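So you can see what is in the structure, the chains are spelled out below.
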Amino acid sequence: MKKLMLGNEAVARGAYEAGVTVAAAYPGTPSTEITENIAKYDEIYAEWSPNEKVALEVAIGASIAGARSICSMKHVGLNVAADPLFTVSYTGVNGGLVIMVADDPGMHSSQNEQDSRNYAKASKVPMLEPSDSQECKDYVKEAFEISEKYDCPVIVRLTTRVAHSQSLVEISDRVDYKLKDYVKNPGKYVMMPAMARKRHVEVEKRMSLLKEDSNTSSLNKIEWGNRDIGIISSGIAYQYAREAFGDVSYLKLGMVYPLPDKLIEEFAKGVKTLYVIEELEPFFEDHIKKLGIKVIGKELLPVIGELSSQIIKEKILGVQIEKGAVVEENAPVRPPVMCPGCPHRGTYYVLKKQKLTVSGDIGCYTLGALPPTETMDICVCMGASVSGAHGIEKARGKEFGKKTVAVLGDSTFIHSGITGLIDIVYNKGNSTVIILDNSITGMTGHQHNPTTGYTIKNEPTKQVDLVKLANAVGIERVRVVDPFNIKELDKVVKEETSADEPSVIIAQRPCALLKGVKYGGPLKINMDKCKKCKQCFTIGCPALVKVDDHIEINDALCIGCELCTKLCNFGAIEKAGENNG
Amino acid sequence: MDKLNIMIVGVGGQGTLLASRILGNVAMKMNFDVKVSEVHGMAQRGGSVVTYVKLAKKVYSPIIEKGEADIILAFEKLEALRWMEYLKNGGSYIINEQRIDPIPVILGKEKYPDGIIEKIKGVVNKTISVDALPIAKECGNIKAVNVVLLGVLAKETGIDKEIWIESIKETVPKKLQEVNFKAFEAGYGLAV
């Protein structure tokens, strides 16, 4: 039976069919739907872990214990999980272990566009790269076979356009995978110097073997066509190349590390002009050039952003494509914006008003950096708001520190904010940390986390109590406040930033998109009372718009959160229905 | 018909994803190879969003390039303006008359262009404009605006109506089916 599936959904199906019983992940675009879909299979234990490092360690434990296990993350998540990655390369596996990593060329929803293929090389772990949903499923299954055959973890790399494109997938049954026996083997699984030295030898042996076998692997295929042009490519870039070049010759690499030298040499000999079509880094190109083979790649193609068949046509074939008709009219940009009813809007209003330096973090609330709030000074990586604020204070002193806050979400705080908070307490910092607790992991599309009280399978569980947690690490000043109670929040932020000790403010109000969050429906402006002062515009709500010379509420967008009502000094924003007559 | 490239453009939160999924399902039922490319994550938060739906005997790239779209279905006027050059010469433009101001316009830094639909009509012969929001309201749910527009698209493609209805049935949760059928019929029946 064929089904239309997202790449991520097909990965989940592949894990299911391969007999996986343990899956762990931290959500991150474009990888999130892998584990969301895995959680739908009753046969698989699945979890949202607090961060990617924990997720990989859970999967490693499960693998050593004999299960086929999988963990998934976005590219920057692999940075967090890099520590266990480099050493599980040495221990190898018992049950198969697959690490899914989803890169985001073009940075649709990321803070950098690193090329994770470099991790395969650096950690000496094989990496596969599918180019559509069918391959997502097939390669994941193949990855488990390789993992067990060569005794190593296998990384499967996706990019946004594979992870988030749907295409047809042939469904099969789940294999009956028996848990492997668990045998205590410290020489293999306890990595201290004496053991690790021996294991490193095994790693090198395995990689040589894999390299040799990659020449005959069914994952790497030569497709002969017109031999004037030969293309070496993988993943989504292969699809773009197919679209752009049509009937030429292709070497499609399904295993992107280690690379099949002999196969590459054979292919190069069979074509007149050889091109490497790859997104981001010249990963194949550098390797092929080292083999002494003449090849054209990044001298024509960009290392920045996504590729497309159009870029290939223009840069390599010199073909100008025929665009559609246009109207000579500037289309204003439409950057993403916090949703109508977003609880973060109240917090940013206060932070802007108090002109604080804001050390920010990764989540929906990063949007507070954009106009009109423009209230974020720094955003680097998950958890960095807290440690960054501490560094700011240590560099510029206590008084500057009192004009600085860290801002991060509940899930991000658990991910890696808590360690920074411990640092502040331990090293006598004075920072104020604001946790935007919206009861969910928001940006990635509503995943549970340790603070929500539910598991990935929606089972009730123990809930991390943020107040007690902050108290337990030594924060004595912990305040809980509703970010829509602007007066109260304003007062609390003033008190806590001026206090001579570190503090945590928990700004608590659920995400407006959560089921069960109900507001009263669209508001309206009372034109008789409105003075057009635009005070309500300071919060940047997309539902508040200027039409001709007056202010209106877009009733297709407004949900009636009434934050703007609180800001209006003239009582001009009313519930629709009030004074309707 | 041996191939069809359709783009659905709009503002994050307007329901373009569901529309593209129903459309993808339709293509599958017609035994085409199909690819649907979606947008998730940050852009979904009120940003400009686009999904590509390609069907043919064999589809390679999931992306539609400039000048390649047979039909563009725009959920919002400004987005229609933004994605114009993706429509091929002779293609059809279906535009919802809804207006959603982006933040730079709200802040008075930029101006929401006047007369977008008229201007597009001036250069694209087959431009169909629809005020789908009140129709969705009439059908009982303002959120069904996506399926109203899908109805208009269905008519324009000439693909058998039953396939669409079957596809909606399979894609939309049961309790929302009735309002969506109504919305689809309303869109399909519009004299445009």
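Residue numbers run consecutively from 1 along every chain, following the written order of its sequence. As a convention, the first chain written is A and the first ligand written is 1, with the rest following in written order. Given that this is a predicted model, residues contribute local features only at a pLDDT of at least 70 and side-chain atom pairs are listed and counted only at 80 or more, while totals for whole chains, interfaces and linings are drawn from all residues.

Some points on the overall build of chain B
Okay, step 1: Along chain B, the regular secondary structure elements total eight helices and six strands.
Okay, step 2: Mapped in sequence order, the helices and strands of chain B form the string β-α-β-β-β-α-β-α-α-β-α-α-α-α.
Okay, step 3: Taken over C-alpha atoms, the radius of gyration comes to 16 Å for chain B, in line with the 16 Å a tight globule of 192 residues would show.
Okay, step 4: Every one of the 192 residues in chain B was classed for burial, and the buried ones make up 59%.
Okay, step 5: In chain B, 63% of the contacts between residues at least 6 apart in sequence involve partners at least 24 apart. Only DSSP runs of H or I with at least four residues qualify as helices, and only runs of E with at least two residues qualify as strands; both kinds are numbered from the N terminus onward. Every radius of gyration here is taken over C-alpha atoms, with the globule rule written as 2.2 Å times N^0.38, N being the number of residues. Counting other C-beta atoms within 10 Å of each residue's C-beta, where C-beta atoms are placed from the backbone, gives the exposure class: buried for 20 or more, exposed for 12 or fewer, partly exposed between. Two residues qualify as being in contact provided that their C-beta atoms, derived from the backbone, are within 7 Å of each other.

Side note on the overall build of chain A
Okay, step 1: Within chain A one finds 21 helices and 22 strands.
Okay, step 2: Computed over the C-alpha atoms, the radius of gyration of chain A is 27 Å, within 12% of the 25 Å expected from 2.2 N^0.38 for a compact globule of 581 residues.
Okay, step 3: C-alpha extents for chain A along the principal axes are approximately 80 × 65 × 50 Å.
Okay, step 4: Out of the 581 residues belonging to chain A, those deemed buried represent 54%.
Okay, step 5: Taking all contacts inside chain A whose residues are at least 6 apart in sequence as the whole, residues at least 24 apart take part in 74%.

What to know about the packing of helix H11 (residues 235-245) of chain A against helix H14 (residues 309-317) of chain A
Residue and element names in this part refer to chain A.
Okay, step 1: Structural elements are reduced to axes, namely lines fitted to C-alpha atoms, with helices fitted over the stretch in contact, and the angle between N-to-C directions of any two is expressed from 0 to 180 degrees. Look at H11 against H14: their axes get within 8 Å of each other, and the N-to-C directions meet at 55°. When the axis of H11 is compared with that of H14, the two are oblique. Where H11 crosses over H14, the handedness of that crossing is right-handed. Between H11 and H14, the contacting residues are Tyr240, Ala241, Glu243 and Ala244 on the first element and Ser309, Ile312, Lys313 and Leu317 on the second. Here roughly perpendicular refers to angles of 65 to 115 degrees, roughly parallel to angles under 35, roughly antiparallel to angles over 145, and oblique to all remaining angles. In this scheme the handedness of a crossing depends on how the near helix is turned from the far one: anticlockwise by less than a right angle means left-handed, clockwise means right-handed.

What about helix H3 (residues 52-64) of chain A?
Okay, step 1: Taking 1.5 Å as the rise per residue, H3 of chain A with 13 residues should run 18 Å; its terminal C-alpha atoms sit 18 Å apart, in good agreement.
Okay, step 2: Note on H3 of chain A: the residue one or two positions beyond its end, Gly66 of chain A, has a positive phi of about 110°. Helix span, expected: 1.5 Å multiplied by one less than the number of residues in the helix.

Details of the domain arrangement of chain A
Okay, step 1: For the domain bounds, the source is a domain assignment made automatically or taken from a database. Domain annotation of chain A identifies domain 1 (2-214), domain 2 (220-317), domain 3 (344-508) and domain 4 (523-579).
Okay, step 2: Measuring from the centre of the C-alpha atoms in domain 2 of chain A to the corresponding centre in domain 3 of chain A gives 46 Å.

Some remarks on the pairing of strand S5 (residues 97-103) of chain A
Residues and elements named next belong to chain A.
Okay, step 1: Counting buried positions over the seven residues of S5 gives seven, a clear majority of the element.
Okay, step 2: Of the two faces of S5, both are covered, the one formed by Leu97, Ile99, Val101 and Asp103 as well as the one formed by Val98, Met100 and Ala102.
Okay, step 3: At least two DSSP bridges between two strands are required for those strands to pair. Pairing of strand S4 (residues 69-74) with S5, which is carried by six bridges, proceeds in the parallel orientation. In the sheet register, Lys74 faces S5, and the bridge partner there is Ala102.
Okay, step 4: Sheet analysis places S5 next to strand S7 (residues 154-159), joined by six bridges and oriented parallel. Of the residues in S7, the one forming a bridge with Val101 is Arg157.

Details of the sheet that holds strand S6 (residues 127-128) of chain A
Okay, step 1: Strand order in the open sheet made by the seven strands is S3-S2-S4-S5-S7-S6-S12 (chain A), with mixed pairing throughout. Since the sheet does not close on itself, it has two edges, and those belong to strand S3 (45-48) and strand S12 (255-257) of chain A, each with one partner.

Considerations on helix H20 (residues 486-498) of chain A
Residues and elements named next belong to chain A.
Okay, step 1: For H20, spanning 13 residues, the distance from its first C-alpha to its last is 18 Å, which sits close to the expected 18 Å at 1.5 Å a residue.
Okay, step 2: Along H20, the residues that are buried comprise Leu489, Val492, Val493, Glu496 and Thr497. Around the axis of H20, the buried residues are gathered within 120° of arc, so they sit on the same side. Summarising the geometry of H20, the exposed residues directed more than 90 degrees from the buried face are Lys487, Lys494 and Ser498.
Okay, step 3: Contacts made by the buried residues of H20 are with helix H15 (344-353), strand S15 (404-409), strand S16 (432-437), strand S17 (477-481) and strand S18 (503-508). The directions from the helix axis to the C-beta atoms are what the arc is built from.

Notes on the interface of chain A and chain B
Okay, step 1: Each partner contributes to the interface: chain A provides 51 residues, whereas chain B provides 56 residues.
Okay, step 2: Partitioning the side of chain A that touches chain B into residue classes produces 27 nonpolar, 16 polar and eight charged.
Okay, step 3: Direction of pairing for strand S8 (residues 165-170) of chain A relative to strand S2 (residues 33-37) of chain B: antiparallel, over a ladder of three bridges. Along S2 of chain B, the bridge assignment pairs Ser165 of chain A with Ser37 of chain B. Under the convention adopted here, Pro, Cys and the residues Ala, Val, Leu, Ile, Met, Phe, Trp and Tyr are nonpolar, Asp, Glu, Lys and Arg are charged, and Gly plus all remaining residues are polar.

Digging into the pairing of S17 of chain A
All names here are of chain A.
Okay, step 1: Where S17 lies against S18, five bridges are found, and the strand directions are parallel. For Val481, the partnering residue across the bridge sits in S18 and is Ala507.
Okay, step 2: Running through H20, the crossover from S17 to the neighbouring parallel element S18 is right-handed. Note on handedness: a crossover is taken as right-handed if, strands pointing away from the viewer, the path from the first strand over the helix to the second is clockwise.

A look at the environment of Asn8 of chain A
Residue and element names in this part refer to chain A.
Okay, step 1: Along the chain, Asn8 falls in helix H1 (residues 7-17).
Okay, step 2: Classification of Asn8 by C-beta neighbours within 10 Å gives buried; the count is 29.
Okay, step 3: Measuring from C-alpha to C-alpha, the distance between Asn8 and Thr32 comes to 7.9 Å, with 24 residues separating the pair along the chain.
Okay, step 4: When near neighbours in sequence (up to four residues on either side) are disregarded, Asn8 contacts Ser31, Glu33, Ile34, Asn37 and Ala163.

Comments concerning the sheet that holds S18 of chain A
All names here are of chain A.
Okay, step 1: Taken in spatial order, the five strands make up an open sheet running S14-S15-S16-S18-S17, and their pairing is parallel. The sheet is open, and its two borders are formed by strand S14 (357-359) and S17, each paired with just one other strand. Along the sheet, successive strands turn relative to each other by an average axial angle of 25°, direction set aside.
Okay, step 2: With six bridges connecting them, S16 and S18 associate as parallel partners. Residue pairing for S18: Ile435 is matched across the bridge by Ile506.
Okay, step 3: The strands touched by helix H16 (residues 384-396) are S14, S15 and S16; relative to S15, the strand with the most contacts, the crossing angle is about 170°.
Okay, step 4: Relative to the sheet, H20 contacts S15, S16, S17 and S18, its axis offset from that of S17 by approximately 170°.

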